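Letter by letter, the chains look like this.
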Amino acid sequence: MKKPWAGRFQQKTSKVVESFTESISFDSRLWKYDIEGSIAHARMLGRQGIITKKESEKIIRGLGKIADEFGDGSFVFRDDLEDIHMNIEAALIQKIGDAGGKLHTARSRNDQVSLDFRLYLRAEAKEIISLLRKFQKTLLDIASRHITALMPGYTHLQRAQPVLLSHHLLAYAEMFQRDAERLCDTLKRINQLPLGSCALAGTTLPIDRAYVAKLLGFQGISRNSIDAVSDRDFAIEFLSDCAILIMHLSRLAEELVLWSTEEFRFIELPDAFTTGSSIMPQKKNPDVAELVRGKAGRVYGHLVSLLTVMKGLPLSYNRDMQEDKVPVFDTVDTVKSCLIVLDEMLPGVGFNTERMKATAGEAFSTATDIAEYLVRKGVPFRKAHEITGRLVLHCITEKKKLADLALEEMKAFSPLFTGNVFSFLQPAESIKNKKSSGSTSVAEVRKQIKRLRKVTGDR
Ligand code: ARG
């Protein structure tokens, strides 16, 4: 079949060039958006009298038939037709004849590809937001079920202070909240119509861009045609959002790996979501969590890849920009699959709350509560910190826990200690006594759950 630009050429395109420059092997997934955009464009051309109403209707019907062929898998792709745009246009001309040749009036593949990519990203960003919502709900449900369960909270991966397991899980729900908000914000910039910018300079034909924007549900139209065909910020922004999102998933995955070790024994991963070893019969490995962690590397790579593609490009469109698709498509697939698999796995995770509770009280985890106990009795915090530190050192030398100390022994460090100090040594008391908003008390965690349920639209 002749190329649409064949008029100016005397030689046929080399086969090597065809296979080197093609994008149909990966941009075919844009078919639905390409057709949606073309239908809106054809409708506008007819309405403006640039083509006849009849031609416009014929084009729209033809595109509908092509959509059906994509739907039932009967569309015949042609590798010599480079990309999805040319494949669809050629199929249209073959179907309806000359009228099909009028579809590309006042349009270039440069604004067309940007349009398709924006329509695609708009749909996928919304899909990722709804997967995030679903995952947040799963986390909220698990947190609600374990609302009073204790665990050691960590800093530097050293046991620090007792916290609620629910509080720890909600930290992730907060991260995913920001991730969803970031994607919502990016959607505003994705949702601008580039079509009508044509190759780079606009057109002499009387098109109505606002009408096309309205048909396609865009919030506005791009204001500079050179910018519109050159801009991939929206895709880079989407990749940044996804890089941050998968960094959060990766941290959660890392905790699942860590917590399922014999050393921690905080959780039991469901058999259906773990794998065995080909040599060690006893092994049960957290491969799903490891792969989520590993896939973060791939998504970061895609962000850097597109930033690098764009960094040296002179205005306006350059063919380099075709390299935007693979990183974005793979990011969409990767992030969605990670969210889906973690959301399926998490409800099956068994929490060893007995062990978590037991370890929550070890390693002098309530020392800060003792220091604050002294503060309430008027001791300056720095002094209280020092007294408690010496008390801990005394326990370490005597191989005792804080709770093993006699009151007299404690009084030697400060006369302000009285019998009620012992209740403050219990991790459950430590939790109960937390007062600050956002802290690890049951009341505060309930507030967090309530707010998150509301902002995620769950209740
Ligand atoms: N396949 C191309 C891409 O993805 C479409 C735009 C081609 N434009 C051009 N002037 N060659 O970027």
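Computed from a predicted structure; not experimentally measured.

How would you summarise the nonpolar core if you had to cite specific residues and measurements?
Counting 110 residues, the largest nonpolar core has Leu249 and Trp259 as its most contacted members. The element best represented in this core is helix 10 (residues 233-259), accounting for 16 residues. Leaving out residues up to four positions away in the same chain, Leu249 has contacts with Phe135, Phe176, Val292, Cys338, Leu339 and Leu342. Of all hydrophobic cores here, the second largest spans 17 residues; its members include Ile370, Ala371, Phe424 and Leu425.

Could you give me a rundown of a nonpolar patch on the surface, with the residues and numbers involved?
Together, Leu200, Ile226 and Leu315 make up a nonpolar patch on the protein surface, roughly 280 Å² of accessible area in all. Mapping Leu200 onto the fold places it in the loop between strand 3 (192-193) and helix 8 (209-215).

Tell me about the side chain of Asp343, and please be specific about residues and values.
Relative to the elements of secondary structure, Asp343 occurs in helix 12 (residues 325-345). At a separation of 2.4 Å, a polar atom in the side chain of Asp343 contacts the side chain of Thr138.

With reference to specific residues and values, describe empty space enclosed by the protein.
The method is simple in principle: a probe with the dimensions of a water molecule rolls over the atoms, and the space it marks as empty is what remains. Taken as a whole and assessed by the stated rule, the structure comprises 1 cavity of 30 Å³ or more. By volume, the largest cavity amounts to about 80 Å³. For the lining of the largest cavity, the elements supplying multiple residues, two or more each, are helix 6 (109-145), helix 7 (165-190) and helix 10. When its residues are assigned to classes, the lining of the largest cavity shows 9 nonpolar, 1 polar and 1 charged.

Run through unusual backbone geometry, naming residues and quoting values.
Cis geometry is adopted by the peptide bond preceding Ser316, which originates at Leu315 and carries an omega value of 0°. With respect to the helices and strands, Ser316 occurs in the loop between helix 11 (287-311) and helix 12. For Cys198, which is not glycine, the phi torsion reads 55° and is therefore positive. Assignment of secondary structure puts Cys198 in the loop between strand 3 and helix 8.

Break down the site of the ligand for me, citing the residues and quoting the values.
Contacts to the ligand come from Ser23, Asp83, His85, Arg109, Asn110, Val113, Tyr317, Arg319, Gln322 and Lys325. With respect to the ligand, the side chain of Asp83 contributes an N or O atom lying 3.0 Å from a nitrogen atom. Between the ligand and the protein, one listed contact pairs a nitrogen atom with a side-chain N or O atom of Gln322 at 2.9 Å. For the ligand, whose free accessible area comes to 340 Å², the fraction covered by protein is 87%. Among the elements that make up the shell around the ligand, the one with the highest residue count is helix 6 (3 residues). For the shell around the ligand, the class distribution of residues is 2 nonpolar, 4 polar and 4 charged.

Go over the side chain of Gln136, please, and point to the residues and values.
Tracing the sequence through the fold places Gln136 in helix 6. Here Gln136 falls in the buried class, since its relative accessible area comes to 0%. A distance of 2.9 Å separates a polar atom in the side chain of Gln136 from a polar atom in the side chain of Arg133. Of the polar contacts made by the side chain of Gln136, one reaches the side chain of Gln177; its length is 3.1 Å. Residues in contact with Gln136, not counting those within four places in the same chain, are Ala173, Phe176, Gln177, Leu452 and Thr456.

Help me get a handle on helix 10, residues and values and all.
Compared with an ideal rise of 1.5 Å per residue, which puts 27 residues at 39 Å, helix 10 spans 39 Å between its outermost C-alpha atoms and is within 8% of the ideal. Most of helix 10 sits out of view: 19 of its 27 residues are buried.

Outline the pattern of salt bridges, supporting the account with residue identities and numerical values.
Scanning all chains against the criterion turns up 32 salt bridges. Between Arg47 and Asp208 there is a salt bridge whose closest N-O contact spans 3.6 Å. Pair noted here: Arg47 is in helix 3 (residues 31-47) and Asp208 is in the loop between strand 3 and helix 8, with a separation of 161 residues, a long-range link. Residue Arg47 is classed as partly exposed on the basis of its relative accessible area, which comes to 45%. Assessed through its relative accessible area of 23%, Asp208 is described here as partly exposed. With a closest N to O distance of 2.8 Å, Lys400 and Glu409 form a salt bridge. Classification of Lys400 as partly exposed rests on a relative accessible area of 27%. Look at the salt bridges and you will find they share partners, linking Glu82, Asp83, Arg109 and Arg319 into a network.

Could you give an account of the layout of surface pockets, with specific residues and numbers?
Its volume calculated, the largest pocket comes out at about 550 Å³. Taken together, the elements giving at least two residues each to the lining of the largest pocket come down to strand 1 (150-155), strand 2 (158-164), helix 7 and helix 10. The class makeup of the residues in the lining of the largest pocket is 11 nonpolar, 7 polar and 4 charged. Lys3, Gln11, Lys12, Thr13 and Glu18 are, among the 13 residues lining the second largest pocket, the residues nearest its centre.

An account of the packing of helix 6 against helix 18 (residues 442-455) is requested, with residue identities and associated values reported.
Look at helix 6 against helix 18: their axes get within 11 Å of each other, and the N-to-C directions meet at 155°. By the angle class used here, helix 6 and helix 18 are roughly antiparallel. With respect to the hand of their crossing, helix 6 and helix 18 are arranged in left-handed fashion. Contacts between helix 6 and helix 18 involve Arg133, Gln136, Lys137, Leu140, Asp141, Ala143 and Ser144 from the former and Ile449, Leu452, Arg453 and Val455 from the latter. Residues belonging to the contact of helix 6 with helix 18 are distributed by class as follows: 5 nonpolar, 2 polar and 4 charged.

Tell me about the packing of aromatic side chains, residues and numbers included.
Tallied over the full model, the rule gives 15 aromatic pairs. Arranged with centres 5.0 Å apart and planes meeting at 75°, the rings of Tyr120 and Phe329 form a pair that is edge-to-face. With Tyr120 in helix 6 and Phe329 in helix 12, this residue pair connects regions lying 209 residues apart in the sequence. By relative accessible area, Phe329 is classed as buried at 4%. Between the aromatic rings of Tyr154 and Phe264, the centroid separation amounts to 5.8 Å while the plane-to-plane angle is 50°, which identifies the pairing as tilted. You can see Tyr154 sitting in strand 1 and its partner Phe264 sitting in the loop between helix 10 and strand 5 (267-268), a full 110 residues away along the chain. Taking the relative accessible area as the measure of exposure, Tyr154 reaches 23% and is therefore partly exposed. Ring-pair connections join several aromatic residues into one group, and the members of that group are Tyr33, Phe117, Tyr120, Phe234 and Phe329. The aromatic ring of Phe234 is capped on one face by Arg118, whose charged end is 4.0 Å from the ring centroid. The ring of Phe117 has Lys325 sitting right over it, with the charged end atom 5.5 Å from the ring centre.

Procedures and definitions
- Within each chain, residue numbers correspond to sequence positions counted from 1 in written order.
- Local features in a predicted model are, by the rule used here, given only for residues with pLDDT of at least 70; side-chain atom pairs are given and counted only at 80 or more, and totals for whole chains, interfaces and linings are based on all residues.
- Remark: hydrogens and water are excluded; side-chain values derive from all non-hydrogen atoms of the structure.
- Among buried residues, the Ala, Val, Leu, Ile, Met, Phe, Trp, Tyr and Cys ones that are joined through side-chain atoms within 4.5 Å form a nonpolar core.
- Only protein chains enter the accessibility calculation, which uses a 1.4 Å probe; a residue is then buried when its area is under 20% of its type maximum, exposed when over 50%, and partly exposed in between.
- Secondary structure elements follow DSSP: runs of H or I of four or more residues count as helices, runs of E of two or more count as strands, with numbering from the N terminus.
- When checking whether two residues touch, look at their non-hydrogen atoms; a contact exists if any pair is within 4.5 Å.
- Patch construction takes residues with relative accessible area above 30% that form no salt bridge. Like charges are linked within 9 Å, and nonpolar side chains (Val, Leu, Ile, Met, Phe, Trp, Tyr) are linked within 5 Å.
- Per-residue and other accessible areas were derived by the Shrake-Rupley procedure at a 1.4 Å probe size, with only the shown protein chains allowed to occlude residues.
- By salt bridge we mean one thing: a side-chain nitrogen of Lys or Arg within 4 Å of a carboxyl oxygen of Asp or Glu.
- Nitrogen and oxygen atoms within 3.5 Å of one another constitute a polar contact, given that in protein one can donate a hydrogen and the other can accept it, and given that sequence-neighbouring residues count only through two side-chain atoms.
- Residues are said to line a cavity or pocket when one of their atoms sits within 4 Å of a point; the points come from a 1 Å grid over protein atoms alone, cavities being sets where a 1.4 Å probe fits but cannot get out and pockets being open sets with protein on both sides within 12 Å along at least five of seven lines.
- Grid points are joined across faces, edges and corners, and a volume is the space filled by probe spheres set on the points.
- For this scheme, ten residues count as nonpolar: Ala, Val, Leu, Ile, Met, Phe, Trp, Tyr, Cys and Pro. Four count as charged, namely Asp, Glu, Lys and Arg, and the remainder, Gly too, count as polar.
- Here, proximity means that at least one heavy atom of the residue falls within 4 Å of the molecule or strand.
- Here, expected helix span is obtained from the residue count minus one, scaled by 1.5 Å.
- The axes are straight lines fitted to the C-alpha atoms, using for helices just the contacting stretch, and the angles between their N-to-C directions are given from 0 to 180°.
- Geometric relationships in this document are graded by angle, where less than 35 degrees denotes roughly parallel, more than 145 denotes roughly antiparallel, 65 to 115 denotes roughly perpendicular, and other angles denote oblique.
- If you view the pair so one helix is near and one far, a crossing is left-handed when the near helix is turned anticlockwise from the far one by less than a right angle, and right-handed when it is turned clockwise.
- Two rings from Phe, Tyr or Trp (for Trp, the six-membered ring) form a pair when their centres sit within 6.5 Å of each other. Planes less than 30 degrees apart are called stacked, planes more than 60 degrees apart edge-to-face, and all others tilted.
- Both a distance and an angle decide whether a charge sits over a ring: NZ of Lys or CZ of Arg must be within 6 Å of the ring centre and within 35 degrees of the ring normal.

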